[in-house]
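Examination of the molecular architecture
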Amino acid sequence: MKERNNPIVIQNSTFKINNSFFPGFLSSELAPTPPESCLFHVIPVPYEKTVSYGTGTRTGPLAILKSSLQLELFDGIGIPAEYGIYTHPQVNCVGKAETVLKRITDAVSNVLNLNKIPVILGGEHTVSAGAFKAVKAHFKDFGIVQFDAHADLRDTYHGTSLSHACVMRRALDMDIPIYQIGVRSLSWEEHLLREERHIGHLDASAIGMAHVPGLILPDDFPKNIYITFDVDGLDPSIMPATGTPEPGGLSWHQAVSALSSVLRARKVVGFDVVELAPIPGMHAPEFTVARLIYNLFGMIGRQKRPPQP
Ligand SMILES: [Mn+2]
């Protein structure tokens, strides 16, 4: 890796907010590139309103972006950065939940209209509902693959329907097919709802006892998929920096092989990574998230344009 001094201000990819630098994803390595020539459009959403246990998700996007500056460009197969990464200014998260979700929907719609892939950095899981709405308006037929410790299928939680614990219920309201991976904490009502609505799932216990199947998604699951990755789907041993940790989660390699399994014969139209609540002084979790995102860039990019020999 090259040596770095102070953050380098690159037009369109480094923002100064409250006197602190807000770097673009991997902006230390990338030349300024116009948005039209970037496949991946990173949208930071530092939203935190309904967290129920640990706090700190509002600092997640900045921690991920800062960690991204330490990534190795070569991911073992190619250089995912070559597909182009454009980082947008963060979404304004001041105001009512409905207002913020509308801003997220608008930001994601703009990226989809460019025919590019939106990548949302949360923030609490509620932010995904704004993205679901934009994707639903753009693609008639798509499904959501959810990595999570929790089912997030409650109709309301702590008096609101716009809670992190309800985000997948909002997807069901929009008639979007869902597949859940890594779940290990859900209410009896959520369990019944999964049965009633035939929600596909590969729970953490099933992975833990066996291995990640080479093919996870059923044949009739939509070809277009949006991935919502709640970092608490990972095991707390590698992801302690999250508001509601649960033991028995995915290891790094299980998560990566599950992702490569769901990408088989599917087109990823967007994804988000949510619920990182950085622990001051502990860099591993935020770097883990930056690496996960960059690996996904590689996996998705190579589907579209395989590396040249
Ligand atoms: Mn969640």
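This text gives an overview of the structure that appears in the document. Here the structure is a predicted model, which is why all the values come from computation and not from measurement.

Moving on: the packing of aromatic side chains. Aromatic ring pairs are reported here in terms of the distance separating the ring centres and the angle at which the planes meet. For the coordinates displayed, the defined rule picks out 7 aromatic pairs. Measuring from ring centre to ring centre gives 4.2 Å for Phe40 and Phe297, while their planes differ by 20°; the resulting arrangement is stacked. Of this pair, Phe40 sits in strand E3 (residues 40–45) while Phe297 is found in helix H8 (residues 284–304), placing the two residues 257 residues apart along the sequence. Judged by its relative accessible area of 0%, Phe297 is buried. Ring pairs connect the aromatic residues Phe25, Phe40, Phe271, Tyr294 and Phe297, which therefore count as one cluster.

Time to look at the coordination of the manganese ion. Those donors, His125 (ND1), Asp148 (OD), Asp152 (OD) and Asp230 (OD), are the protein atoms that reach the manganese ion, and they lie 2.1 to 2.3 Å from it. The sequence pattern describing where the donors of the manganese ion fall on their chain is H-x22-D-x3-D-x77-D. Of this pair, His125 sits in the loop between strand E5 (117–122) and helix H3 (127–138) while Asp152 sits in the loop between strand E6 (143–147) and helix H4 (167–173), and the two are 27 residues apart along the sequence. Take His125 and Asp152: they sit in the same class, and that class is buried.

A few words now on the pattern of salt bridges. Per the stated rule, a full pass over the model turns up 6 salt bridges. In this structure, Asp75 engages Arg302 in a salt bridge whose closest nitrogen and oxygen atoms are separated by 2.9 Å. One end of the pair, Asp75, is in the loop between helix H1 (60–68) and strand E4 (85–87); the other, Arg302, is in helix H8, and 227 residues separate them in sequence. Here Arg302 falls in the buried class, since its relative accessible area comes to 17%. Close ionic contact of Asp173 with Arg170 constitutes a salt bridge, the shortest N to O distance being 2.8 Å. Pair noted here: Asp173 and Arg170 are both in helix H4, with a separation of 3 residues, about one helical turn. The class for Asp173 is partly exposed, based on a relative accessible area of 49%.

Turning our eyes to something else, we now look at unusual backbone geometry. Across the chain, the bulk of peptide bonds are trans and the bulk of non-glycine residues have phi less than zero. The peptide bond linking Gly122 to Gly123 adopts the cis configuration, its omega dihedral lying at 10°. Although it is not a glycine, Asp175 sits at a positive phi angle of roughly 60°. Here His198, not a glycine, exhibits a phi torsion of approximately 50°, which is positive. For His198, a relative accessible area of 72% puts it in the exposed group.

Before going further, it helps to examine the sheet that holds strand E8 (residues 200–202). Hydrogen bonds along the backbone pair up the strands of a sheet, which may run parallel or antiparallel. Overall, parallel pairing links the 8 strands, which are arranged E4-E3-E5-E10-E9-E6-E7-E8 in an open sheet. Either end of the sheet is taken by a strand with one partner, and the two such strands are E4 and E8. Strand-to-strand, the axes of this sheet are offset by a mean angle of 20°, without reference to chain direction.

Grouped together as the largest cluster of nonpolar side chains are 54 residues, with contacts concentrated most on Phe25, Ile181, Ile227, Ile293 and Phe297. With 9 residues, H8 is the single largest residue contributor to this core. With near-sequence residues (within four places) excluded, Ile181 lies in contact with Val145, Gln146, Phe147, Asp148, Leu202, Ile207, Ile216, Leu250, Ala258 and Val262. In this structure, Ile43, Ile104, Ala134 and Leu162 belong to the second largest nonpolar core, which totals 38 residues.

What counts and how
- Residues numbered from 1 in each chain as written.
- Predicted model: local features only at pLDDT ≥ 70, side-chain atom pairs only at ≥ 80, totals over all residues.
- Heavy atoms only, no water.
- Phe/Tyr/Trp six-rings, centres within 6.5 Å; stacked < 30°, edge-to-face > 60°.
- Helix = DSSP H or I, 4+ residues; strand = E, 2+ residues; numbered from the N terminus.
- Buried < 20%, exposed > 50% of the residue type's maximum accessible area, 1.4 Å probe, protein only.
- Donors = N, O, S within 2.8 Å, 3.2 Å for Na, K, Ca; no water.
- Salt bridge = Lys/Arg side-chain N within 4 Å of Asp/Glu carboxyl O.
- Pairing = 2+ DSSP bridges.
- Axes fitted to C-alpha atoms, helices over the stretch in contact; angles between N-to-C directions.
- Core = buried A, V, L, I, M, F, W, Y, C linked by side-chain atoms within 4.5 Å.
- Contact = heavy atoms within 4.5 Å.

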